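Summary of the model geometry
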Amino acid sequence: MAGILGACILPSAASSAKWRRPDTPLAANLTANSHNSRNLHGCFASFSSLREHQVHLETDYSTETRIEELKKRVQSTLCTDIYSTRTMTIIDTIQQLGISHQFEDQIELILERNIGITNEEDDLFSTALRFRLFRQGGHTVSTDVFHKFMDMNGRFKESMSKDLRGLLSLHEASYLSTKDEEVLLQAMEFSKEHLQRQMLHLNPSAVRDVGLTLEFPRHRRMVRAEARNHIRAYGEESGRAMDMLELANLDFDLVQSQHKMEIAMLRSWWKELGLAEKLSFARDRPLECFLWTVGLFPDPRFSTCRIEIAKTVAILLVIDDVYDIHGSLEELVLFTNAVKRWEIEAMEDLPEYMKICYMALYNTTNEIGYRVLKEHGKCIISELRKTWVDLCEGFLIESRWYNSRIVPNLEEYVSNGVTTAGTYMALVHAFYLMGNKINKESSALVNSCPKLFTSAGRLLRLWDDLGTAKDEQERGDVASSMQCFMKEAGVASEEEGRLHIRKLIHSAWLDLNGEAFAATSTLPRSIIDVALNLARASQAMYEHGDDERVPGIKQHIQTLLMDPIR
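Every chain is numbered on its own, with residues counted from 1 as its sequence reads. Local features in a predicted model are, by the rule used here, given only for residues with pLDDT of at least 70; side-chain atom pairs are given and counted only at 80 or more, and totals for whole chains, interfaces and linings are based on all residues. Side-chain measures here rest on the full set of heavy atoms in the structure, leaving out hydrogens and waters.

- Under an unreviewed UniProt entry, the name given to the chain is Terpene synthase 11, and the source organism is Canna indica.

Structure, rendered in structure tokens:
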């Protein structure tokens, strides 16, 4: 068995084809070498003190003043003609530059006023753009808007195949499809086919843009990483709006400064907690844990969520190592039972190394519960405790599979893996920490592990397995969702196994889209966005392990948390 960030290989696993307990994804995926670990630990330790960042944020009045000036200019442009395609394009650019939090109310008002308005003169680009913006905002919009671009046989007209701008817009819109939306599924294939054909005749810059859209559709990109990439690309466009570009640059660096302050707070907490010093076998990587929370909560206002969820993920990683590489089966049963009891006396029978781990979990969870009670008036300790009980029980199932050399079937493995990935733990904690629309109905739904959470968790589990499979195979610990499928289906080709997992990921996204649209009537938009962001962050964190052309964890930490954009 091996943990996600730095694998400890059990001697018996190297020559065995038995099932191994999956890595815990929510702590990120780095190759298991001490050089990377030391480098990132040094990055974490090098962040300035909390006071230094507070002083920087409090005294940067000129930046804040300039941001307010630019906001007024952009807002004036945004509200000039709210029903025009130009305004929709501005909204799209604002979102892609990562500054939509500056115009949240205005954007929502414009979209609401445009709902239900149709213009038969709108071309494919405009229609697809409006459709995508409405759906991204959680508004109901029918695929019927595309019927005017289809022929009598229900196929997209061939005349649409020459419209490069329209095809790009259609392709991006198609990724907000659910499983039963045939028009969008057809739009995806139609636009993909003709974009690939057009690439043969485009200049290098256009080939780059089309290739990016085909490989990484906007809907599936990690929000903060997309903002940094697009700010650079937008700065090279001839038709760029200088006010928006300057605002995006200033905003990115200001938010990054806020992240550095949050990291300093996390660093202080982690050092005081002392788990890394007391438990030498456990992984010491809170910086990667924080990167996850930047993916989940890109909006600057969710500072508390980023810090508190990073704490839970850091502790989750240590518990994962307890179950994965250190504890005996008998000790793991004791620890699981102690978490179920959730009282100080429960740790009396635990080994010494487990006692500090148990107390770190117990105290941190109770502190989060106290914060929610103080800020939102809700007593939710029992709800938080249940997520950890479920997690530990899932870990115990996997440990028993490992010890009994059992290879579960794919669905059994993935279903349990959604829990042990930390999905429900993170999303339930996030729901209560954000504090939006906490009522009896929404709380009951969140506490029951809704399909929205499960769908996001499947993507987390599958991306983790796909991204770490190469390293696991080299170590001999090869069983994961891919290996479970290969054994179950009698498939010998690893490439075929990878292709199948990629198909499952695509299918899981269609499920997640459907659940996200359905949840708009029962859950606050904020937690729906976090579930979607969990899926997006999963790809950003793990795809490098399956495709070395894309950025890895170290690069994301450098560009998102350390290097200013200007």
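**Regarding the overall build of the chain**
- Along its length, the chain carries 25 helices and 0 strands.
- Sequence-distant contacts, at least 24 apart, represent 75% of the contacts inside the chain between residues at least 6 apart.
- Calculation of accessible area relied on Shrake-Rupley with a 1.4 Å probe; when residues are assessed, cover is drawn exclusively from the protein chains displayed. Accessible surface computed for the chain: about 23500 Å², of which carbon and sulfur atoms make up 50%. Strands are runs of DSSP state E lasting at least 2 residues, helices are runs of H or I lasting at least 4, and numbering of each runs from the N terminus. When checking whether two residues touch, look at their non-hydrogen atoms; a contact exists if any pair is within 4.5 Å.

**Some thoughts on the layout of surface pockets**
- Here a cavity denotes a set of grid points, spaced 1 Å apart and computed over the protein atoms alone, in which a 1.4 Å probe fits but from which it cannot get out, and a pocket denotes an open set meeting protein on both sides within 12 Å along at least five of seven lines; residues with an atom within 4 Å of a point are reported as lining. Grid points are joined across faces, edges and corners, and a volume is the space filled by probe spheres set on the points. Within this model, the second largest pocket holds a volume of roughly 1400 Å³.
- Among the elements of the structure, α4 (85-96), α5 (104-114), α6 (124-136), α10 (223-234), α23 (494-518) and α24 (525-542) are those that each provide at least two residues to the lining of the second largest pocket.
- By residue number, the principal contributor to the lining of the second largest pocket is α24, which donates 8 residues.

**What to know about α24**
- A helix's residues, less one, multiplied by 1.5 Å, set its expected span. Between its first and last C-alpha, α24 extends 26 Å over 18 residues, near the 26 Å set by a 1.5 Å rise per residue.
- Summary of the burial criterion: residues with accessible area below 20% of their type's maximum are buried, those above 50% are exposed, and those between are partly exposed, where the area comes from a 1.4 Å probe applied to protein chains only. Here α24 lies mainly inside the structure; 16 of its 18 residues are buried.

**Quick notes on the packing of aromatic side chains**
- Side-chain rings of Phe, Tyr and Trp (the six-membered ring for Trp) are treated as a pair once their centres are within 6.5 Å; stacked means planes under 30 degrees apart, edge-to-face means over 60, and tilted covers the remaining angles. Counted under the stated rule, the structure contains 12 aromatic pairs.
- Judged by centre distance (6.3 Å) and plane angle (90°), the ring pair of F335 and Y358 falls under edge-to-face. Here the residue F335 occupies a position in helix α15 (residues 329-341), and Y358 occupies one in helix α16 (residues 352-376), the gap between them amounting to 23 residues. The same class applies to F335 as to Y358, namely buried.
- A ring pair is formed by F431 and Y432, whose centres lie 4.9 Å apart and whose planes are at 70°; its orientation type is edge-to-face. Neither residue differs from the other here; F431 and Y432 are each classed as buried.
- A network of ring pairs unites the aromatic residues Y323, F335, W342, Y358, Y362 and F395 as a single cluster.
- Whether a charge sits over a ring comes down to the Lys NZ or Arg CZ being within 6 Å of the ring centre and within 35 degrees of the ring normal. Directly above the aromatic system of F125 lies the positively charged group of R165, at a separation of 3.6 Å from the ring centroid.
- A cation sits over an aromatic face here: R224 above F252, 4.0 Å from the ring centre.

**Structural notes on the packing of helix α11 (residues 242-273) against helix α25 (residues 553-562)**
- Between α11 and α25, the shortest axis-to-axis distance is 8 Å and the interhelical angle comes to 105°. It follows that α11 is roughly perpendicular to α25 by the angle criterion. Residues F252, Q256, H259, K260 and I263 of α11 touch α25, and the partners they reach there are T559, L560, L561 and M562.
- Gly is placed with the polar residues, together with every amino acid not listed as nonpolar (Ala, Val, Leu, Ile, Met, Phe, Trp, Tyr, Cys and Pro) or charged (Asp, Glu, Lys and Arg). Of the residues that constitute the contact of α11 with α25, the class distribution is 5 nonpolar, 3 polar and 1 charged. Working convention: axes come from line fits to C-alpha atoms, limited for helices to the stretch in contact. Angles between N-to-C directions cover 0 to 180 degrees. Any angle from 65 to 115 degrees is called roughly perpendicular, while one under 35 is roughly parallel, one over 145 is roughly antiparallel, and all others are oblique.

**Topic: unusual backbone geometry**
- Despite not being glycine, R405 has its phi angle at roughly 55°, a positive value.
- Mapped onto the secondary structure, R405 falls in the loop between α17 (381-403) and α18 (410-420).
- Even without being a glycine, C449 presents a positive backbone phi close to 55°.
- Along the polypeptide, C449 turns up in the loop between α20 (440-447) and α21 (451-475).
- The exposure class assigned to C449 is partly exposed, which follows from its relative accessible area of 25%.

**Focus: the environment of D251**
- With respect to the secondary-structure elements, D251 resides in helix α11.
- C-alpha separation for the pair D251 and I67, spaced 184 residues apart in sequence, amounts to 7.5 Å.

**Considerations on the nonpolar core**
- For this analysis, a nonpolar core means a set of buried residues of the types Ala, Val, Leu, Ile, Met, Phe, Trp, Tyr and Cys, connected via side-chain atoms within 4.5 Å. In terms of nonpolar packing, the biggest core is built from 156 residues, with I319, F335 and L561 touching the most fellow members.
- In terms of residue count, helix α14 (residues 303-326) provides more of this core than any other element does, 12 residues in total.

**As for the environment of G116**
- Residue placement: G116 occurs in the loop between α5 and α6.
- By relative accessible area, G116 is classed as exposed at 70%.
- Here the alpha-carbon distance between G116 and V141, two residues 25 residues apart in the chain, equals 8.1 Å.

**Notes on the pattern of salt bridges**
- The term salt bridge refers to a side-chain nitrogen of Lys or Arg lying within 4 Å of a carboxyl oxygen of Asp or Glu. This model, assessed by the stated rule, comprises 33 salt bridges.
- For E104, the salt bridge goes to R301, with nearest N and O atoms at 3.4 Å. Residue E104 is found in helix α5, and its partner R301 is found in the loop between α13 (286-296) and α14; the two are separated by 197 residues along the sequence.
- The exposure class of E104 is partly exposed, given its relative accessible area of 39%.
- Within the structure, one salt-bridge network assembled from shared partners comprises D92, R132, E172, R218, R221 and E226.

**So, the confidence of the model for the chain**
- Across the chain, the average pLDDT comes to 88, with 87% of residues at or above 70.
- Of all secondary-structure elements in the chain, the lowest mean pLDDT belongs to helix α1 (residues 34-46), at 51, while helix α19 (residues 423-434) reaches the highest, 98.
- For residues 1-22, every residue scores under 50 in pLDDT, and the model assigns this stretch 94 contacts once sequence neighbours within four places are set aside. The pLDDT score gives, residue by residue, the confidence of the prediction method on a 0 to 100 scale.

**Topic: the side chain of H139**
- In this fold, H139 is placed in the loop between α6 and α7 (164-174).
- The exposure class assigned to H139 is buried, which follows from its relative accessible area of 17%.
- At a separation of 3.3 Å, a polar atom in the side chain of H139 contacts the side chain of E108.
- Contact partners of H139, with chain neighbours within four places excluded, come to E108, L111, E112, I115 and F134. In protein, a polar contact means a hydrogen-donor-capable atom and an acceptor-capable atom, both N or O and within 3.5 Å, with residues adjacent in sequence counting only if both atoms are side-chain atoms; elsewhere, any N or O pair within 3.5 Å suffices.

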